[in-house]
Structures are given as structure tokens and as C-alpha cells.
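Inside the fold
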Amino acid sequence: MAASAGAVFAHLVAVAEWPTWQRGVDRIDVIEEIAVGSRFVVVAAPHTFDGIVGELEWPSRFGWAAVSDGLSFYQSWLLLDEPGGGTRTVFHEAARGPSALLTTPDRSDVTRGWVDTLPLDDDSADVITPGRHHKAGEC
């Protein structure tokens, strides 16, 4: 990603803004300031998730858990500054429940969308271009 780890991290932890750039997220209700243990609600039809922050280390780690009927998951982000500028982003997601078992041909595309639609920085309406700094298991 062309943006710095700090810029990417700032977008990730601006949870209330997710519906503006993340397709599939209809609404966010932030219950308290984002910190380890803080809670928020994510509406992504047909699910309403109770979210909780599990990891928060500026500007390199963000992780959150979500629980709903039929689906729970954990997303973790590791952001690493590249020596020549930009950020290597390592994204993992683990899911459980009947909805997690549903296979769709584009499931990896849906998950990958979290990375590919992340805005570059606060001054840009552009999104990150897919295909930069990718290795197996990394985005």
C-alpha cells in the first residue's frame, strides 16, 4: 500500500467511518471510544454484530471480534512500514458458525475487499490499488 502505516491505521480504527468505504457495512453504532475492550455494533445485512476491540497498538496492530446469530469472527491487521515507503498489510480473518461454513466462489474476494477498499489517506477519495506488496497470506 502506498500510504504509511499510520494513515492506514487511522482509517481502520475510525470504526464509525467503515460504512463510507467498506461495502457490506450498512451502519456502525460506536458505544465508546475505541480502545482494547471497547464495544461497537456493526450492521451488515443480514447480520447485526456485537464488536469488541481485542488488539490496538498504534500504528501496527488492530484486531476485533464480532458475534452474531449464526456467525462470529475475528479480524486482525498487522501494518508494517516498508523501507522505501508505504505499508505491507497482513490481514487475517477466522470465522465460526453456520454462516461461516457457507461456501461462495467469491468468499476470498469479499474478505479481500476489506483491504482493497481501504482509503489511502484522509486527503484522498481513492482506494488502495490491489496487487501491491503481496505475498502468500499477505495483502
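Our structure is the block above this text.
Residues numbered from 1 in each chain as written. Predicted model: local features only at pLDDT ≥ 70, side-chain atom pairs only at ≥ 80, totals over all residues. Heavy atoms only, no water.

Examining the overall build of the protein
- The number of helices and strands found in the protein is four helices and six strands.
- Each helix (α) and strand (β) of the protein, taken in turn from the N terminus, gives the series α-α-β-β-β-β-β-β-α-α.
- The long-range share in the protein, meaning contacts at least 24 apart out of those at least 6 apart in sequence, stands at 37%.
- For the protein, the accessible area works out to roughly 7,500 Å², and carbon and sulfur atoms hold 54% of it. (Helix = DSSP H or I, 4+ residues; strand = E, 2+ residues; numbered from the N terminus. Contact = heavy atoms within 4.5 Å. Areas by Shrake-Rupley, 256 points an atom, 1.4 Å probe, with all protein chains shown as cover.)

Describing the pairing of strand β6 (residues 87-96)
- Strand direction decides the pairing type here: strand β5 (residues 71-81) and β6, joined by ten bridges, are antiparallel. Pairing of Asp81 across the sheet is with Thr87, part of β6.
- The turn linking β5 back onto β6 is made up of five residues, and Gly85 within it adopts a positive phi angle of 105°. (Pairing = 2+ DSSP bridges.)

Considering the pairing of β5
- For strand β4 (residues 61-68) and β5, the ladder comprises eight bridges, and the chain directions are antiparallel. In the sheet register, Ser68 faces β5, and the bridge partner there is Leu71.

Here's the deal with the packing of aromatic side chains
- Summed over all chains, the structure comprises seven aromatic pairs.
- Here the aromatic rings of Trp18 and Phe40 are separated by 5.7 Å at their centres, their planes lie at 90°, and the arrangement is edge-to-face. Of this pair, Trp18 sits in helix α2 (residues 18-21) while Phe40 sits in strand β2 (residues 39-44); the two residues are 22 residues apart in sequence, bridging distant segments of the chain. The exposure classification of Trp18 matches that of Phe40, with both residues buried.
- Considering the side-chain rings of Phe49 and Phe73, the 5.2 Å spacing of their centres and the 75° angle between planes classify their relative orientation as edge-to-face. Remark: Phe73 occurs in strand β5 and Phe49 occurs in strand β3 (residues 47-57); sequence separation between them is 24 residues.
- Residue Phe49 is classed as buried on the basis of its relative accessible area, which comes to 5%.
- An aromatic cluster of at least three residues, connected via ring pairs, comprises Trp18, Phe40, Phe49, Trp64 and Phe73. (Phe/Tyr/Trp six-rings, centres within 6.5 Å; stacked < 30°, edge-to-face > 60°. Buried < 20%, exposed > 50% of the residue type's maximum accessible area, 1.4 Å probe, protein only.)

Remarks on the pattern of salt bridges
- As enumerated under the stated definition, the model contains four salt bridges in all.
- With its nearest N and O atoms 3.0 Å apart, the salt bridge here joins Arg27 to Asp29.
- Exposure remark for Arg27: the relative accessible area of 42% places this residue in the partly exposed category. (Salt bridge = Lys/Arg side-chain N within 4 Å of Asp/Glu carboxyl O.)

Focus on unusual backbone geometry
- Ala45 connects to Pro46 through a cis peptide bond whose omega is 10°.
- Along the chain, Pro46 falls in the loop between β2 and β3.
- In this chain, Trp58 is followed by Pro59 through a cis amide linkage whose omega measures -10°.
- In this fold, Pro59 is placed in the loop between β3 and β4.

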